[in-house]
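# Tertiary structure, described
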There are 2 protein chains.
Amino acid sequence: MDVVDVLCKRRSTRSFTCDPVSDELIQKLLIAAMAAPTAANSQPWEFIVVNDPEALSIIREEMVFARYKAPLAIVVCGNMKLAFKGPGKEMWVQDCSAATENMLIAATGLGLGSVWIGVYPLDSNVNVVRKILDMPNEVVPLNIIYFGYSEEVKEARSRYNEKRVYFNTYDRNRKHRSKDKPKIGHY
Amino acid sequence: MDVVDVLCKRRSTRSFTCDPVSDELIQKLLIAAMAAPTAANSQPWEFIVVNDPEALSIIREEMVFARYKAPLAIVVCGNMKLAFKGPGKEMWVQDCSAATENMLIAATGLGLGSVWIGVYPLDSNVNVVRKILDMPNEVVPLNIIYFGYSEEVKEARSRYNEKRVYFNTYDRNRKHRSKDKPKIGHY
């Protein structure tokens, strides 16, 4: 297995079968998440595993952008009591995003589909998720990740775009146009 | 190859050999980066590949936290002209962090070591990197990632910590103490 192939096989899945994700696979996703690097080893993360059908149903009802029916959601959170203080405080977003990406890649390797639903920094989303999962104010939900066995078949691809790559210095004269943005890449 | 093993093999490397990273591997890192998901497919990223020894030397001199001698740096940037407008603007940080983590994982699979040096949101760091690489104000350097062949041997591990995992609802009574933070995990 070429690791770049696995990264390119990670595609967003929005249609899942009813098959549950086993506890063993859930633990593997969490091991993957917490293998990510964090700024100064701060490990500011917490994870809420949601696989109770009623809890999932409430998330679907309350969150406009999270209406996909999946057997498992993991909510990745930053705990401000564990995060940096001062000007580096927002580093928790990068740490928790790296942990999230690790889960998506692990899922791909384990035969699961996944989709990343952004929550933070949109206050309306943050407040809804906090209320549903009874989270205190110092815990910030970054996203909701749905996992399950995919009903979709998508080909591997990257959005690789040489216009976004510079060598040794920036080029202020290069223009970006939306038509240059690859829809489906060749990789 | 188990993908979770690769994720756990990704460890920060701060000592590199002098061997250069080939153009072929640099392109694979960039393909991996741009295979990451982005909010509403915004693809707000740009990448500055730095492998000119003089440019690397200037980064080492000017950046207190980036003094490691590596043959290759890739600076991951968000371009505010490509990012969301309005309250979701900061989503670029999550998109570019996922792209960064993809590069670190690809590097591990390709036999390279790597280390993530945080730049944003620390203004002093952002300004130094912008000046060195002649970047305009609408382009924000998120980090500097060093790559190369590692001189260190580190065992695979996760920081997996069951105290950071909740099921179906948050538990406000759970206390986190710094002694609970794993230094070296068992995974």
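For the structure, check the block above.
Definitions and limits used
Residue numbers run consecutively from 1 along every chain, following the written order of its sequence. The lettering of chains begins at A and the numbering of ligands begins at 1, in the order of writing. Per-residue local features of the predicted model are confined to residues with pLDDT of at least 70, and side-chain atom pairs are confined, for both listing and counting, to 80 or more; whole-chain, interface and lining totals are unaffected and use all residues. Hydrogens are left out, water is left out, and the side-chain values use all remaining heavy atoms of the structure. Note on pairing: DSSP must find at least two bridges between two strands before they are called paired. Numbering of helices and strands runs from the N terminus; a helix is a DSSP stretch of H or I covering at least four residues, while a strand is a stretch of E covering at least two. For helices, the fitted axis covers only the stretch in contact; all axes are lines through C-alpha atoms, and the angles between them, taken along N-to-C directions, range from 0 to 180 degrees. What makes two residues a contact is simply this: any of their non-hydrogen atoms within 4.5 Å. Defined in terms of a 1.4 Å probe, buried area is the accessible area two parts forfeit on being brought together, summed over both. When a carboxyl oxygen of Asp or Glu is within 4 Å of a side-chain nitrogen of Lys or Arg, the pair counts as a salt bridge. Throughout this entry, Asp, Glu, Lys and Arg are counted as charged residues, while Ala, Val, Leu, Ile, Met, Phe, Trp, Tyr, Cys and Pro are counted as nonpolar. The remaining residues, Gly among them, count as polar.

## Quick word on the sheet that holds strand 3 (residues 113–118) of chain B
- Strand order in the open sheet made by the 5 strands is 5(A)-1(B)-2(B)-4(B)-3(B), with mixed pairing throughout. Taken across any chain shown, the strands that pair with only one partner, and hence form the sheet edges, are strand 5 (165–167) of chain A together with strand 3 of chain B. Going across the sheet, the axis of each strand differs from the next one's by a mean of 25 degrees, ignoring polarity.
- Pairing between strand 1 (residues 45–50) of chain B and strand 2 (residues 72–79) of chain B: 6 bridges, direction antiparallel. In the sheet register, W45 of chain B faces strand 2 of chain B, and the bridge partner there is G78 of chain B.

## With respect to the sheet that holds strand 3 (residues 113–118) of chain A
- Read from one edge to the other, the open sheet built from 5 strands follows the order 3(A)-4(A)-2(A)-1(A)-5(B), with strand pairing classed as mixed. Unpaired on one side and paired on the other, strand 3 of chain A together with strand 5 (165–167) of chain B mark the two borders of the sheet. Within the sheet, the average angular offset between the axes of one strand and its neighbour, ignoring direction, is 25 degrees.
- Helix 5 (residues 123–132) of chain A rests against strand 2 (72–79), strand 3 and strand 4 (139–148) of chain A of the sheet, and its axis sits at about 75 degrees to strand 4 of chain A.

## Some points on the interface of chain B and chain A
- With 76 residues of chain B in contact, the opposing surface of chain A contributes 75 residues.
- Across the chain B/chain A interface, buried area totals approximately 6800 Å², and carbon plus sulfur atoms make up 60% of it.
- By the criterion of area lost to chain A, the three top residues of chain B are R164, N168 and Y170 of chain B, representing 11% of everything that side buries.
- Connecting chain B to chain A are 2 salt bridges.
- With a closest N to O distance of 3.0 Å, D134 of chain B and R172 of chain A form a salt bridge.
- Only helix 1 (3–9), helix 2 (23–33), strand 1, helix 4 (91–109), strand 3, strand 4 (139–148) and strand 5 of chain B provide two or more residues apiece to the side of chain B that touches chain A.
- The dominant element in the side of chain B that touches chain A, judged by the number of residues it contributes, is helix 4 of chain B, at 11 residues.
- Of the residues in the side of chain B that touches chain A, the class split is 46 nonpolar, 17 polar and 13 charged.
- Here 3 bridges tie strand 1 (residues 45–50) of chain A to strand 5 of chain B, and the two strands are oriented parallel to one another.

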